Structure formats: C-alpha cells, structure tokens
Amino acid sequence: MGKTIDGFSKLSKSKKIEWIVDTYFSNKEDAKTVLKQYWNSNDKLQQLHDEFIENTITNYYLPLGVAPNFLINGKTYTIPMAIEESSVVAAASKAAKFWSERGGFKAEVISTKKVGQVHFIYHGHIEKLKKFFRVVKPKLFQDTKSITRNMELRGGGILDIELLDKTKAIEGYFQLHATFETLDAMGANFINSCLEQFATTFKTEAAKSELFSEEEKEIQIVMSILSNYVPDCLVRAEVCCKVEDLIEEDVVSSEKFASNFIQAVNIAEVEPYRAVTHNKGIMNGVDAVVLATGNDFRAVEAGVHAYASRNGSYSSLTHAKVEDGVFTFWIEIPLALGTIGGLTSLHPLVKLSLELLHHPSAKELMQIVAVAGLAQNFAALRSLTTTGIQKGHMKMHLMNILNQFNATQEEKAELIEYFKTHIATHSAVVEAIQNLRR
Ligand code: MEV
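Residues numbered from 1 in each chain as written. Predicted model: local features only at pLDDT ≥ 70, side-chain atom pairs only at ≥ 80, totals over all residues. Heavy atoms only, no water.

### A word on the overall build of the chain
Helices and strands together make up the secondary structure of the chain, namely 15 helices and ten strands. Overall, the C-alpha framework of the chain stretches about 90 × 70 × 40 Å when taken along its three principal axes. Residues classed as buried in the chain amount to 45% of the 438 residues present. A fraction of 70% describes how many contacts in the chain between residues 6 or more apart in sequence connect residues 24 or more apart. On the chain, roughly 22,900 Å² of surface is accessible, and the fraction owed to carbon and sulfur atoms is 54%. (Helix = DSSP H or I, 4+ residues; strand = E, 2+ residues; numbered from the N terminus. Buried < 20%, exposed > 50% of the residue type's maximum accessible area, 1.4 Å probe, protein only. Contact = heavy atoms within 4.5 Å. Areas by Shrake-Rupley, 256 points an atom, 1.4 Å probe, with all protein chains shown as cover.)

### Some thoughts on the sheet that holds strand β5 (residues 157–165)
Here we have four strands laid out as an open sheet, ordered β5-β6-β4-β7, and antiparallel in their pairing. The two strands at the open ends of the sheet, each matched to only one other strand, are β5 and β7 (220–227). Ignoring strand direction, the axes of neighbouring strands in this sheet form an average angle of 15 degrees. Packed on one face of the sheet, helix α5 (residues 126–143) meets β4 (114–121), β5 and β6 (173–181) and runs near 170 degrees to β5. Along the sheet, helix α7 (residues 188–208) makes contact with β4, β5, β6 and β7, crossing β7 at roughly 160 degrees. (Pairing = 2+ DSSP bridges. Axes fitted to C-alpha atoms, helices over the stretch in contact; angles between N-to-C directions.)

### Some words on α5
Between its terminal C-alpha atoms α5 stretches 24 Å, which fits the 26 Å expected from 18 residues at 1.5 Å a residue. Of all bends in α5, the biggest is about 40 degrees, found at valine 136, and the proline proline 138 comes one to four residues later. Every buried residue of α5 is accounted for by Leu129, Phe132, Phe133, Val136 and Leu140. Buried-residue contacts for α5 involve β4, β5, β6 and α7. (Expected span 1.5 Å × (residues − 1). Bend = angle between axes of the 7 residues up to and from the residue.)

### Description of the packing of helix α1 (residues 13–24) against helix α2 (residues 28–37)
Their axes nearest at 9 Å, the elements α1 and α2 cross at an angle of 140 degrees. Overall, the two elements α1 and α2 adopt an arrangement that is oblique. As for the relative orientation of α1 and α2, their crossing is right-handed in sense. On α2, the residues touching Ile17, Glu18, Val21 and Asp22 of α1 are Lys28, Ala31, Lys32 and Leu35. (Parallel < 35°, antiparallel > 145°, perpendicular 65-115°, else oblique. Left-handed = near helix turned anticlockwise from the far one by under 90°.)

### Focus on the sheet that holds strand β8 (residues 233–242)
The antiparallel open sheet is built from four strands, whose spatial order is β3-β8-β10-β9. Here the strands that pair on one side only, and so sit at the sheet edges, are β3 (106–112) and β9 (318–323). Recorded for the sheet is a direction-independent mean angle of 20 degrees between the axes of neighbouring strands. Bridge analysis of β8 against strand β10 (residues 326–334) gives nine bridges, and the strand direction is antiparallel. Each bridged residue has a counterpart across the sheet, and for glutamate 238 the counterpart in β10 is tryptophan 330. On the sheet, helix α10 (residues 297–308) packs against β8 and β10 and is oriented at approximately 120 degrees with respect to β10. In the packing of helix α12 (residues 362–385) onto the sheet, the strands contacted are β3, β8, β9 and β10, and the crossing angle to β8 comes to about 50 degrees.

### A closer look at the packing of aromatic side chains
Tallied over the entire structure, the rule returns 22 aromatic pairs. With a centroid separation of 6.0 Å and an interplanar angle of 80 degrees, the aromatic rings of tryptophan 19 and tyrosine 24 are classed as edge-to-face. Overall, tyrosine 24 belongs to the partly exposed group, its relative accessible area being 47%. Note on tyrosine 122 and phenylalanine 212: the rings are 5.5 Å apart at their centroids and 55 degrees apart in plane angle, and the pair reads as tilted. A residue pair is termed long-range when its members are at least 10 positions apart, and tyrosine 122 in the loop between β4 and α5 and phenylalanine 212 in the loop between α7 and β7 qualify at 90 residues. Cation over ring: lysine 16 sits above phenylalanine 8, and NZ or CZ is 6.0 Å from the ring centre. Above the face of the phenylalanine 98 ring, arginine 102 is positioned so that its terminal group lies 3.6 Å from the ring centre. (Phe/Tyr/Trp six-rings, centres within 6.5 Å; stacked < 30°, edge-to-face > 60°. Lys NZ or Arg CZ within 6 Å of the ring centre and 35° of its normal.)

### Digging into α7
Relative to the 30 Å expected for 21 residues at 1.5 Å per residue, α7 spans 30 Å between its end C-alpha atoms, a close match to the ideal helical length. Of the surrounding elements, those touching the buried residues of α7 are β4, α5, α6 (145–153), β5, β6 and β7.

### Digging into a nonpolar patch on the surface
On the surface, Val34, Tyr38 and Tyr61 cluster together into a nonpolar patch covering about 300 Å² of accessible area. Inspection of the secondary structure puts tyrosine 38 in the loop between α2 and α3 (43–50). Owing to a relative accessible area of 31%, tyrosine 38 belongs among the partly exposed residues under this scheme. (Patch = residues over 30% accessible without salt bridge, like charges linked within 9 Å, V, L, I, M, F, W, Y side chains within 5 Å. Salt bridge = Lys/Arg side-chain N within 4 Å of Asp/Glu carboxyl O.)

Structure representation (structure tokens):
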C-alpha cells in the first residue's frame, strides 16, 4: 500500500529515495541499486540533470541514434534521433539513402507566426469595449517594450493584437488574440511574459477608463497563455522522382508501387482510424528529432494533431500524387521549434545534436524535422504496401528479445544469421533460443 507524505520536495535526494524505497519496494537494496546505476559519475553533470525538473531521483535513458545521408535542399545531414522504438532509425536511414539517390528532400518554411491569448470576461456594451481596445492597444505594445526590445532588435516581436468576441460560445467571453515572431527561440517564455503584461495593462487601464460604467470596469482576466496550436508556423517538405525511378528490391513494378502507395495515403486522408496510425509513424521521426534537439515534443504533438483535424475530421499529414509520370510525396506540418533558449544551451547532448546539424536556425530545424517525419512515413508505407511491416520490424526487434533472454554474443550472432532466412516472430525467436541452449 502507498502512503502520502508532506514536505517531500524539501527532502534531500537520498532521503527521497529512502522514503520511496521504504514505502513501495520489497527488495529495497535492489530498487536503490537500479536507481543509482543510472546516476552519472560526473557529479556536475548529474546535478545539471537533477535541476532540470523537481524531485529528481535518477536519469531515464533513451538511446540517441543517428540517421545519416539526409540530403535536404542540397545540404547533407546526419540526423540525431532520441527514441526507444526499434526500426525507426533504420527506417529513417533507409529512406534517406533512397531519396539521396533521387534528388533528395526539398523543404520550405511557409510561415512562422505563433499565437498567444488573454482570455477575459466582460459584461457590458461591446461597442465600448471595442473603442477601449482601440485606445489601449498602443499602450499594450508600449508596456511590453522591456520584454520585446531584444527580440525586436533581432527582427521579431509582437506582430499584432486583436480583440476577439467569443460571446457566442460563452457569455461575456472575449480574447486579446496576439501573434508573435520569435525567430530562433521557441518563444514560450517570451510570449507568456508579453501576455501577462497585456492582461495587467488591460485591466489597469479599464479600471481608469471613462468609457466604462463602474460595473463594466470589472473585467475578469481568466488566463494569459500561449497557444500550442500553430497552424501559421508551418513547414512543407517533399520528395519527387519519375515513377520508373521508384524501382528497387521488393518493388517489382514501380507503377504498381506508386499506385499502392498513393492508395495507402488516400486511405489515411479519409479514414481516421488509419490516419492516427499513419501520423503516429510520422511522429516517430518528428518526436525523435524534436527530443534530440531539446524541444518540447508535447507541444509539437498537441499542435500537430489539432492541425490534422483542422477540416473537421482527423486526417493524414502527408499527401501523394503522380502527375505526368512524376511521383510526388509531401508533408505540411506545424512546428514551433527553437534552437536557442530552453535546453539548447544546457543539455550537453542537445548541444551536440545541434552541432551535428550544423547549428541550424529554427527555420532550418523545422525543415529537418518535417523531413524526418516524411522519411519515416515513406519507409512505413513502403513496407506496409510491399513486404508488410513485420518483416523489417521483427528483424530489428530480434535484438530486444535476445537481450530479454540475456543472449551471449555468440548466441546473438548465430540467431541473427538464422533469422536472415526465417520469419522472426516472438515465439519463433524464443523457440530458437531454447533450441540453441538445449
Ligand atoms: C509504428 O511505430 C508505426 C507504423 O505503425 C506507422 C504506420 O502504420 O504507418 C508502422
């Protein structure tokens, strides 16, 4: 049985572990050993990780892999990917190689606008509110000058602030809907600081305004927060080649391959059950690069799936066509990313990943991430519409199963060889290990 505790956050790390181990574990020493074996031997590095979050007791490793041979807008990249799922990095690498021999990926950033909102309640004459907004709007810009000065010097800042009437949805509900350009920063802190200042100025000025009656002055600020829905922070990536150039092993007819592939994409465009899995495969690539570069994958996930539903039904993020004998496959995806601020200058592996990517700007990173998603989707659809997904997946998963059985290097070598010519289902691998050990 668990129990509650007061003042847990104030305990030292070792006392926190003592409490957890005493409360929840029967083999206390084993639990402690597992937690401690993930501590970094470099105390400074460990402290850095301890301080990223609260109540840290250990580190949780994810493998950091790399997918080489990505040719994007004529530049070659090796892409870092932090992910626990086998096959993903191999699939990305294979798709990268395939397209590097067919002109590579083309990517362009369509827009980089981010959004933040002050949500408030006002019960009064709408015309008075509109007039007040026109009067106070310059002051909203003015009062945020100390926050926006540096961003403006670099070419970014607040783009616009609008008053939105949401009273059809909720009585008295209005918004200050602001748009921002945050350049190479993801910009969450910048946007939220601006919004909180808007809210303060708006409320203070309303209280003083002669436009309002005493009751109307009682504007209730509900909250001020950025939106992770960023349909205007959008990037497009594509690949194309002549249909006949799609030929390779496992592909008997390039025409048939192209038409099966396009059908698979069409299904994901109209069928939400398939679209979710289709997009999940895209996010295998997207999230892995987002994580490796220290960006907020939850924000990206939330924004991407909202975008995938923007027309009222959840749909594919990728599209494909054949026109005049040319196969084109593309993705449009909203990505609010940063290459400065946040973890980017703190986490040694994030710094290393960004250096590996030639220190990209946020726009360049948007292109790289979109390409990683497109490559992943290409690899998944190619397997699904030709050999089926399990052949490649189980080959990669083989190592996980062998590790579960503590296979020795000799056993691994022998079984990897064996499963080159046999189908590697979970039970087949288990049986093969048992046979080998008999
Ligand atoms: C598995 O992680 C991802 C796939 O299911 C994606 C897809 O079905 O397109 C293979």
